[in-house]
Structure formats: C-alpha cells, structure tokens
Amino acid sequence: MVQTATEQTTMEKLVSLCKRRGFVFQSSEIYGGINGFWDYGPYGVTLRRAVEQLWWSEIVEDRDNVVGLDSSVICHPEVWRASGHIEKFFDLMVDCTDCKHRHRLDQMEDPEVCPDCGSRNLTAPREFNLMMKTYVGPIFDEEHAAYLRAETCQPIFVDFDLVRIASRQKLPFGIAQVGKAFRNEVTPRYFTFRSREFVQMEMEFFCRDNDAMEWFEYWREQRWRYYTDLLKIPSDKLRIHEHEQLAHYAKAAVDIEFQFPFGWGEMEGVHHRGTYDLSRHEEYSGKDMKYFDQEANERFHPTVIETSCGLDRMCLAILANGYYEDLAETKKEGKEQDVRVVLRLAPAIAPVQVAVLPLSKKLTENAEPLYHKLRKRFRAEYDDGGSIGKRYRRQDEIGTPLCVTVDFETLEDNAVTVRDRDEMTQERVGLDALDSYLADRIFS
Ligand code: GAP
C-alpha cells in the first residue's frame, strides 16, 4: 500500500527531512536563527542548482530569442523610485497588543481579530515598506541610502537597450535573469515559501503591443508545461489563478499555483506589464527607452510579457511533491510497521542521480573505480558504510533514483544490481551496458 504524497506530507515532516539530510537549515541556527533566512546544505544546493539550470536551459539556452543578464544586487536608488517600489511597495501591518504578534492585514480573515490569540486589541494598520535598505560608502545618511533589489526584473528594464544592441536582437525577444531578491516581509512563513532573501528567475519578453496577448498565452502555456513535463508535477497539484484586479497598465496576469501541504500557493506569475516599466525608466533617467522598428520606421516602447518565479518556492514544491512514505513494502512479519520515507525527485534534478554501494568493504577495489567512472557523467555518490538496507534508506530519503550494488557475483559475471527507488525492483545489468542503461533512465 503506497499512500499519496498529500495525505502524509506535512510541513513538519518536510522541514525535519530537509534538516536531517542536509537540504535546508535555518540560517544562523546556533544563535537562535534569524526569521526569514535559510541556508541550503549539500543536497539542497545541488538540487537548487539543478532546478536553476533546467530553467536556464529551457528559457535561454534552448531559444534564439532570449538572452541572459546578471546584474548587480544594488542599483542606483532612482531605479526603485522609477519602478514605484519606494513609493508603493508597502504591506499594511497590524500588531496585536496582547500576544505581540504582527500580521499582514491582507492575510487576516477577520481584520478586527488577532488570528493567533483572538484578541481585538489590535493597532491601527500601518504601512510597512518591504525594500531592504543599506548605505553605500562611509557616510550613513539618506543621501547615501541604497536598496537591495526587491525583484530581479528592474535591472533588465534598465539595461534593455544595452542588451539589445550587444546581442543584436530584434523584437520580439526576451532577457532573463536569475538572482537574489530581498524583501523585508512582515510575516515570513511556511519554511522557504515566504523568505526575506530568495532567488528569483525572471524573463521579460519585449514585443509589439498588437502581438502581446498572443505572447502572453504562449508563455503561460510554456510555463505550465515546464512544471508538468520537465519537473513532472502532476497537473492536479497545479492550478492557474487569474488575477481579477490588474495594475492600471496591465492587460492580463495569472499565477501558477501549487498545492503545498499548507494549501494552494503561488509559484510563478505570468504578467502582461504593458509599456509601464520602460516608460517610467525613460521618465526618471531622461534616456530614450524606445525601440526603433526599421521596417515600419516607427519608434515605440515595446510591450512586456513577464514570467517570474521563485527558485526557493519551486524547490519547496518539488520536495513536497516528491515526499512519500510507504509502509507495506518494508513491513516485516511480527515486527512493527516500518515507514520508508522516499523523495520521488525527477532524475534530471535529483542531487544524487546514482549511488554506488559495494555490498562489503572487501569490494572497494572493484566498486571505487566504477564510481569514479560514473561520476564523470552523472551526479554520483559512493557509500560503503553500514548495512545495505540502511544505505538504501538513506538514498531513498535524498531522492536518489538508482542505486548500483557491487556484490561478490560481480567478480564472476561482470554485472551489478541496479535498484529502482520508486518500484524497489532490482535488475542485473552488465558492466559494459551500465553507462547507457543509466543514461536512458536518468536523461530520458
Ligand atoms: N517581477 C514580478 C515579481 O517580482 P512577485 O509576484 O512579487 O512578482 C514573483 O514575485 C515570484 O517570486 C513569486 O511567484 C514567488 O515565486 C517569488 N517570491 C516572491 N516573494 C517571495 C518571498 N518572500 N519568498 C520566496 N519567494 C518569493
């Protein structure tokens, strides 16, 4: 009997697995932690890099009309005045004077009652700017104030013309960027879902206004397919949320949501941003941000379709989607039921794609060279400590799709046993066919 992931996956179990196996830790834990900041351990960083790379190849490397950018985190403060962040990037917060908890007004079911203790003794709503502030240079005054970027897309708009000229792109084309963003969230919560420091993966697609809605539909479909086909998230755990209230300059906006253990949550937004950003940067910088269309002999601000997702949220969704516990396969007669925890990660993004496990340390001489060969092509790990059962369990918990066991028979038949994480089936594969067998299972 295999239970479904959503029945069993709680945030507590996920957080505990992430800590135990080195995916994600609370930042500065020995000092009591710091709310809204997280450290990625050895398997977490590998998973995150693999997911980022999958996005980058899907958005940039596999297309001729999208190019990359890696901008600085701190930009000229005028960037954030032009974008509207300094003036308008506020959440309304209220404090409970009894339990001292702070809440975002827009997230309270009853804005008159504290959701934690039920008290009605709440402060009046106050505006709270989410920009993280710092100072550049030795003088700490307003004149030298600067901000950590609140979204990665603004530098894309600022550099639009430089990138266009350097890359010789013509409309329609996109610019993509992956990098850290910082928001002083009032209520960071649900593990890495809402953090104060996180990674965004954004792509701004510049096009003619007449074609913009077609491109919007195109990108919305592409992004949906990324989750279902590449990340292998079942479509019943995903949904599209159409925005009813749109910014004055926007014509359409949808969110792709995932069913997290705590409920539905946004993973990505696909937005029609009109010509707002380029016009605003033109107004604030005084630099002409229009595009010259040689064929039509026209100058105009391109319309922008944006795809914007959070890498940390995406990884959290991947972990939640992959978390399973099964009982029957490990149940032994007369013994208490033993729960096997398994992360069913898609092989393309699993931190370890293949583990090499010699049945005994006496087989090191045969198993180690095999491991060194396989690690050239796959993310591989070697483990010769403890019983084979325990080693399989450990690999199951970190999501390793295939384990290769070298046993004494290997010395006779030049073959190894390949164990499948999900089915727990074992297959004997000849050493000469192993590389292509694994590649087939991992890359197809
Ligand atoms: N440029 C548009 C923009 O930034 P957003 O909806 O504010 O739009 C886009 O953010 C994505 O960034 C979200 O869908 C989410 O995945 C991620 N994100 C936003 N705030 C986050 C936070 N505090 N912690 C983690 N991820 C966050």
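Residues numbered from 1 in each chain as written. Predicted model: local features only at pLDDT ≥ 70, side-chain atom pairs only at ≥ 80, totals over all residues. Heavy atoms only, no water.

1. Some thoughts on the domain arrangement of the protein
Rule in force here: Domain boundaries shown here were taken from an automatic or database domain assignment. In this description, contact between two residues means that some pair of their heavy atoms is separated by no more than 4.5 Å. Any carboxyl oxygen of Asp or Glu within 4 Å of a side-chain nitrogen of Lys or Arg constitutes a salt bridge here. Any N or O atom pair separated by 3.5 Å or less is treated as a polar contact, with the protein-specific requirement of one donor-capable and one acceptor-capable atom, and with residues adjacent in sequence counted only for side-chain atom pairs. To qualify as a helix, a DSSP run of H or I must reach at least 4 residues; to qualify as a strand, a run of E must reach at least 2; elements of each kind are numbered from the N terminus. Residues were grouped as follows: Ala, Val, Leu, Ile, Met, Phe, Trp, Tyr, Cys and Pro as nonpolar; Asp, Glu, Lys and Arg as charged; and all remaining residues, including Gly, as polar.
In terms of domains, the protein is made up of domain 1 (2-74 + 151-319) and domain 2 (352-443). For domain 1 and domain 2, the distance between their C-alpha centroids amounts to 36 Å. With seven residues of domain 1 at the interface, the matching set in domain 2 holds six residues. Inspection of the region where domain 1 meets domain 2 yields two salt bridges. Taking the shortest distance from any N to any O, the salt bridge between Glu-397 and Arg-20 comes out at 3.0 Å. Counting across the interface, domain 1 meets domain 2 through four residue pairs in polar contact (both at pLDDT 80 or more). Sorting the residues of the side of domain 1 that touches domain 2 by element identifies helix 2 (11-20) and helix 3 (42-61) as the ones contributing at least two each. Per-element tally for the side of domain 1 that touches domain 2: the top contributor is helix 3, with three residues. Within the side of domain 1 that touches domain 2, the residues separate by chemical class into four nonpolar, one polar and two charged.

2. With respect to the environment of His-85
The topology assignment puts His-85 in helix 5 (residues 85-88). Placed 66 residues apart in sequence, His-85 and Glu-151 show a C-alpha to C-alpha distance of 9.8 Å. Reaching out from His-85, the side chain makes a polar contact with the side chain of Ser-83 at a distance of 2.7 Å.

3. What to know about the site of the ligand
Spelled out, the test is: We call a residue near a molecule or strand as soon as one heavy atom of that residue lies within 4 Å of the molecule or strand. Residue burial considers only the protein chains on display, and all accessible areas are found by Shrake-Rupley using a 1.4 Å probe.
Among the 20 residues in the neighbourhood of the ligand, the closest are listed as Arg-183, Glu-185, Ser-195, Glu-202 and Glu-266. Ser-195 has a polar backbone atom sitting 2.8 Å from a nitrogen atom of the ligand. Here a nitrogen atom of the ligand and a side-chain polar atom of Arg-313 are 3.5 Å apart. Notes on the ligand: free accessible area 550 Å², of which the protein chains cover 90%. Of all the secondary-structure elements, those providing two or more residues to the shell around the ligand are strand 10 (197-207), strand 13 (263-274) and strand 16 (303-310). Across the shell around the ligand, the residue classes tally to five nonpolar, five polar and 10 charged.

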